[in-house]
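A closer look at the structure
Read off the chains here:
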Amino acid sequence: MIFKMFPAAELEDLFALLAVNRIIGPISKGLNKDGHELFDFDHVTDFSHLKIAYTQTIHSAKKFCLPHHEETSTFTFTGDDWQKEVDFGAHQPLVLFGLHPCDINSLNKLDKVLMDSIYPNPFYGAKRQNMLIIGHSCTPQPACFCQSMGTDTVLAGCDLFLTLLGDDYFAEVHSSRAYHLLEQLDCWEPGAKDHARFRASIEKRSDSFTNTVDTSDLTKILDMEFASQVWQQWGERCLSCGTCAQVCPTCYCYGIEEKVDMDLSRAVKNKQLYSCNLIDFAEVAGGHNFRPESHTRLKYRYYHKHRGFVEAFEEALCTGCGRCGTSCLAGITVPEVIASVRGGSHDA
Amino acid sequence: MTHKLTTKSISSKKGYTAKEQDIAFFEYSHKAEITNIYPLTANEKLYQVQIIDPDDRAAFSFKPGQFVMLELPGIGEAPFSISSSPTRHGALELCIRAAGNMTNFLDRTSRGTKVGISGPFGTSFPVEDMEGDDILLLAGGLGIVPLRAPIMSVLENRSRYGRVDIIYGAKTPSDLLFKYQYEMWKQFDINLDIIVDKGDSEWTGPVGMITEIIKRRVAEASGDDFKHRTSAIVCGPPVMFNFVCEILNHTGLPMEKMFVSLERRMHCGRGKCCRCNIGSTYTCLKGPVFDYWSVLNLQEAI
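Numbering of residues starts from 1 in every chain and runs along the sequence as written. Chain A is the first chain written and ligand 1 is the first ligand written, with later ones labelled in order. Confidence filtering applies because this is a predicted model: local features only for residues at pLDDT of at least 70, side-chain atom pairs given and counted only at 80 or more, and all residues used for totals across whole chains, interfaces and linings.

Residue and element names in this part refer to chain A. Angular values range over 0 to 180 degrees, each being the angle between N-to-C directions of two axes fitted as lines to C-alpha atoms, with helices fitted over their stretch in contact. Secondary structure elements follow DSSP: runs of H or I of four or more residues count as helices, runs of E of two or more count as strands, with numbering from the N terminus. One can describe the packing of helix H8 (residues 229–237) onto helix H10 (residues 294–313) by two numbers: an axis separation of 8 Å at closest approach and a directional angle of 110 degrees. Viewed along their axes, H8 and H10 adopt a mutual orientation that is roughly perpendicular. Contacts between H8 and H10 involve Trp231, Gln232, Trp234 and Gly235 from the former and Ser294, His295, Leu298 and Lys299 from the latter. Residues are grouped as follows: nonpolar covers Ala, Val, Leu, Ile, Met, Phe, Trp, Tyr, Cys and Pro; charged covers Asp, Glu, Lys and Arg; every other residue, Gly included, is treated as polar. In terms of residue class, the contact of H8 with H10 is built from three nonpolar, four polar and one charged. Under this scheme an angle from 65 to 115 degrees is roughly perpendicular, one under 35 degrees roughly parallel, and one over 145 degrees roughly antiparallel; angles in between are oblique. The contact rule is simple: place each C-beta atom from the backbone, and if two of them lie within 7 Å, those residues are in contact.

Let us look at the domain arrangement of chain A. Residue and element names in this part refer to chain A. Reported domain spans reflect what an automatic or database domain assignment gives. Split by domain assignment, chain A resolves into domain 1 (2–207) and domain 2 (218–342). Taken over C-alpha atoms, the centre of domain 1 sits 25 Å from the centre of domain 2. The interface is formed by 32 residues belonging to domain 1 together with 26 residues belonging to domain 2. Of all the secondary structure elements, the ones that give two or more residues to the side of domain 1 that touches domain 2 are strand S4 (69–78), helix H2 (101–114) and helix H4 (146–149). Of the residues in the side of domain 1 that touches domain 2, the class split is 13 nonpolar, 13 polar and six charged.

Moving on: the packing of helix H5 (residues 210–220) of chain B against helix H7 (residues 238–250) of chain B. Residue and element names in this part refer to chain B. The N-to-C vectors of H5 and H7 enclose an angle of 15 degrees; their axes lie 10 Å apart at closest approach. Accordingly, the angle class assigned to the pair H5 and H7 is roughly parallel. Classified by chirality, the crossing of H7 by H5 is right-handed. On the side of H5, the interface is formed by Ile210, Thr211, Ile214, Lys215 and Val218, while H7 contributes Met240, Phe243, Val244 and Ile247. Handedness of a crossing follows from how the near helix is turned relative to the far one, being left-handed for an anticlockwise turn of less than a right angle and right-handed for a clockwise one.

The next point concerns the confidence of the model for chain B. In regions of low pLDDT, the predicted coordinates are not meant to be interpreted in detail. Residue-level confidence of the predictor, termed pLDDT, takes values from 0 up to 100. Averaged over chain B, the pLDDT score is 90; the fraction of residues at 70 or greater is 94%. Low confidence marks residues 12–18 of chain B, where pLDDT is under 50. Its contacts with residues over four positions away, or in another chain, come to seven contacts.

Below, the discussion takes up the sheet that holds strand S2 (residues 22–31) of chain A. All names here are of chain A. Read across the sheet, seven strands follow the order S1-S9-S8-S7-S6-S2-S3 without closing on themselves; strand pairing throughout is mixed. Two strands close off the open sheet at either side, each with one partner strand: strand S1 (2–7) and strand S3 (37–43). The sheet shows a mean angle of 25 degrees between the axes of neighbouring strands, direction not considered. When strand S8 (residues 160–165) meets strand S9 (residues 168–173), the two strands line up antiparallel, connected through six bridges. Across the sheet, residue Leu164 finds its bridge partner in S9, namely Tyr169. The strands touched by helix H6 (residues 192–207) are S1, S8 and S9; relative to S8, the strand with the most contacts, the crossing angle is about 90 degrees. Paired strands, in this sense, are two strands between which DSSP finds at least two bridges.

Structure below.
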């Protein structure tokens, strides 16, 4: 891999080079009830709005390739016939500026199921391949358990990854596009001193994680504890509201709804991201529900993420970003749920 | 110098071929016409649905047990198992109960309605691997619907199979599907046993549980014949196939020779929407046809 260094002050120049495109980055969205600043990814037109030192955004950058709502196709009716028009919804390239490792890894995970498996999804893929991604190092927050999930560092999935070392950026160059961009900054080749600074920085970060999840043999333990009482206790707390899926950077399930225009000349086929915690997720025509109880749905969510996905792709469908726990109205967090399942039938 | 990115297009919209790995395949549906509607009972109708383009129709090939996604533009899209013979290609027969929004709309459509068909999707009953075996085809209620394609396959290749039994249980005589075909099945040297939970004034056949007939059929077999030379397909509600498979399991018939077809909600059929997942297995990709060993390993399948 090619590494470069450049003065941190030149981040603005990097932004300016890319500003001819639409740039998505972390910006401030006000304060929460405790007075902490809230961040989210949005369009950034002015570098001064970019909050590159953000803690964590409310949503991940998933929404820019997997929107919560999407019109997948339209039908036009003429007489007793119809025509279907499909729009993959990739109208312009996007620059994602300042993604943390967990959010880059979440897109890598989504790629596996949405692009690299049978029936690749063009709505996702068309947007995904029109992205330039600049990653940025982060400071572990109390809810973060990405280290346990192996998603605290980035091996692929971005063009450039930046680690702040004092007044300089240490840049990992992942693509030729990024290489050409850096040619226009005052870069230098990192030397032994820079390497030492980088190592010290990643060690310090690595030591600052406070939250962990024990994932060893988790697929087997989940099978063993399928009938555990623990699930029911979590199910009683779960409100089945689906907030966890809305903020999750790796959830991709959805529902399709078709709607006919008032004048019956046109119809649309809408896709809406769903949540397996919502009551009708597995309900079939005629009214039978395969998961009528809250705990069976909550359990399924853990099964899909920490067992099924591991079986299929040898990694969990969870980046350990902790957003689901932070947003959960009932205060349910992944580390607590998994610890209680591992512990058997107590401590929920 | 600024760095303007160019939009990459994911595929050309014209001239693509509808192959599984082709990116344009995802939202592609064949335009098809409902050419005939045949009422089977008060709630179920048989829809003959023909892919309109003759080349596409001929090229459409499926295996018994697979399903299609049927789309009614503006109303919805749902999975239906194909009830016709694979030799009919894209001239499909779908047996559909008016149960939900979309199927109730379908119930009110008439011949000539244009619909969308995509697929075929999912796994199939390995009827070719079963050649040489005695075949047990066991259906409870609507389970006869996914069973009809393998029945057709076995009928059309009758010389390749030993004894063939269809054992079919329904709630009442008026719930029985495909009545007009029973005589034909019998003439193709198939043992047809039909049993109902509750008879009516005209019913002269047996009344009771399907398991009774299956137990009798198993008991008739001499020695180890049954477990060594039988393949079974069991379609019905989970409580039914669970009981039936346990009876068959008891005979020593390998679980890899018993097949079931599972039903779940689906919004895509392509392993993306997650609505059909059982535990963490996609019914649309790893199913709907599973062998019984796989079913036993699926949490929350039964």
